[in-house]
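Observations on the model geometry
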Amino acid sequence: MLPNHHDRVWEYYGQHDPYYGVLTWDDYRRENLDAAALTRFFDSGKAYIDLVLQTIQQQLDPAFHPTRALDFGCGVGRLTIPLAAICESAIGVDISPAMLKEAQKNCQRLGVTNVEFVQSDDQLSRLMGRFDLINSFIVFQHIPCDRGEAILTRLIDLLADNGVGVLHFTYCKQPPATAKGRWLLWAYQSIPGLFDLRNRLKGLPQAQPIMQMNEYNLNHLFQILYRGGCQHCYVRFTLHEDTQGVVLFFQKKSLVVPR
């Protein structure tokens, strides 16, 4: 059994609608996912990883070429697979066994053999060794902030000296513009069964759960990076619909950091 309600949400999507659970566009719902949509899905992952590597080399370390990568919250392998193409080996971790099973199928389908998939926990206790590159995109926003900050600390521990982390966090969600919208958001999150009813009225699976969104305190994140020896940083802002975020690029150095 998965440890709590938030994690069970992702096992639901892993079992019933894994690609939509990663990118919430109608093209990627199970009933719409044809070969063309699947190609677009994985092409978007490759484009993102290409941008990540280009940004690292331009902003942090021109000579950076990772050999071992970790993809935290890997889902069905959208980013893990292109990471494997630029590294000797890659590991994808996710809380959902169903997501990991689908990711493994994608590796087999695409002939990718240098990837390992591991079920995650908050301590990342199943991971061994250090990583040159640690990546996570559109994942932490779904993790409660106290848990997410603890996981960030653990990920920094797993980063090799001179290794680079590229992690996405959301920090500001614009509230609904109308009083009705604000009431509906509160009601969906607070009244049992109401979101199920909303799904049924929209013709969606009644059991489809709401995706939790969280806003991180950037001061806390930068303090964690500083204490972890990751003071060489670059920030890129993101905007997903009405939610502002940042991708934090940071390199770990062997420095004595004042406490």
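Please refer to the structure higher up on the page.
Here is a short report on the structure shown in this document. Remember, it's a predicted structure, so these values are computed and weren't measured experimentally.

A separate point is the pairing of strand β2 (residues 89-94). Of all 6 residues making up β2, 5 are buried, and the element is well covered by its neighbours. Here strand β1 (residues 68-72) pairs with β2 via 5 bridges, running parallel. Looking at β2, one finds that Ala-69 is bridged to Ala-90. Sheet topology places β2 next to strand β3 (residues 115-119); 5 bridges connect them, and they run parallel. Considered in β3, the bridge of Ile-91 is made with Glu-116. Since β2 and β3 lie parallel, the crossover through helix α5 (residues 97-110) that links them has a hand, and here it is right-handed.

In this structure, Asn-106 sits in helix α5. Using a relative accessible area of 2% as the deciding quantity, one classes Asn-106 as buried. At 3.0 Å, the side chain of Asn-106 forms a polar contact with the backbone oxygen of Val-76. The residues contacting Asn-106, other than those within four sequence positions of it, are Tyr-19, Phe-42, Val-76 and Ile-81.

Closest axis-to-axis distance for the helix α6 (residues 145-158)/helix α9 (residues 218-227) pair is 10 Å, and the angle between their directions is 25°. When the axes of α6 and α9 are compared, the pair comes out roughly parallel. Relative to α9, the crossing made by α6 is right-handed. Taking contact as the criterion, the partners of Glu-149, Leu-152, Thr-153 and Ile-156 in α6 are, on α9, His-220, Leu-221, Ile-224 and Leu-225. Taken together, the residues of the contact of α6 with α9 break down into 5 nonpolar, 2 polar and 1 charged.

Our next topic: the sheet that holds β2. Read from one edge to the other, the open sheet built from 7 strands follows the order β3-β2-β1-β4-β5-β7-β6, with strand pairing classed as mixed. The open sheet has two edge strands with one neighbour each: β3 and β6 (232-240). Looking at each pair of strands side by side, their axes are set apart by 15° on average, direction ignored. In this sheet, strand β7 (residues 243-251) lies alongside strand β5 (residues 159-173) in antiparallel orientation, the contact comprising 9 bridges. Within the sheet, the bridge partner assigned to Gly-165 lies in β7 and is Phe-250. Packing of α6 onto the sheet brings it into contact with β1, β4 (131-136), β5 and β7, and relative to β5 it is tilted by some 160°.

Taken as a whole, this structure holds 0 disulfides when the rule is applied. Cys-233 provides the cysteine sulfur closest to Cys-230, a residue in no disulfide bond, and the two sulfurs are 6.9 Å apart. On the basis of relative accessibility, which here comes to 1%, the residue Cys-230 falls in the buried class.

Further remarks concern the pattern of salt bridges. Overall, the coordinates contain 7 salt bridges when judged by the stated rule. With a closest N to O distance of 3.3 Å, Arg-147 and Asp-7 form a salt bridge. Pair noted here: Arg-147 is in helix α6 and Asp-7 is in helix α1 (residues 5-16), with a separation of 140 residues, a long-range link. Among the residues examined, Asp-7 registers a relative accessible area of 6% and is labelled buried. Put simply, Arg-29 and Asp-26 hold a salt bridge, and the shortest N to O gap is 3.5 Å. One network of salt bridges, with partners in common, ties together Asp-7, Asp-122 and Arg-147.

Rules of the game
Residues numbered from 1 in each chain as written. Predicted model: local features only at pLDDT ≥ 70, side-chain atom pairs only at ≥ 80, totals over all residues. Heavy atoms only, no water. Buried < 20%, exposed > 50% of the residue type's maximum accessible area, 1.4 Å probe, protein only. Helix = DSSP H or I, 4+ residues; strand = E, 2+ residues; numbered from the N terminus. Pairing = 2+ DSSP bridges. Right-handed = clockwise from strand over helix to strand, strands pointing away. Polar contact = N/O pair within 3.5 Å; in protein donor to acceptor, adjacent residues only side chain to side chain. Contact = heavy atoms within 4.5 Å. Axes fitted to C-alpha atoms, helices over the stretch in contact; angles between N-to-C directions. Parallel < 35°, antiparallel > 145°, perpendicular 65-115°, else oblique. Left-handed = near helix turned anticlockwise from the far one by under 90°. Nonpolar A, V, L, I, M, F, W, Y, C, P; charged D, E, K, R; others polar. Disulfide = S-S within 2.5 Å. Salt bridge = Lys/Arg side-chain N within 4 Å of Asp/Glu carboxyl O.

Bear in mind that shape data such as this cannot, by itself, settle questions of function.
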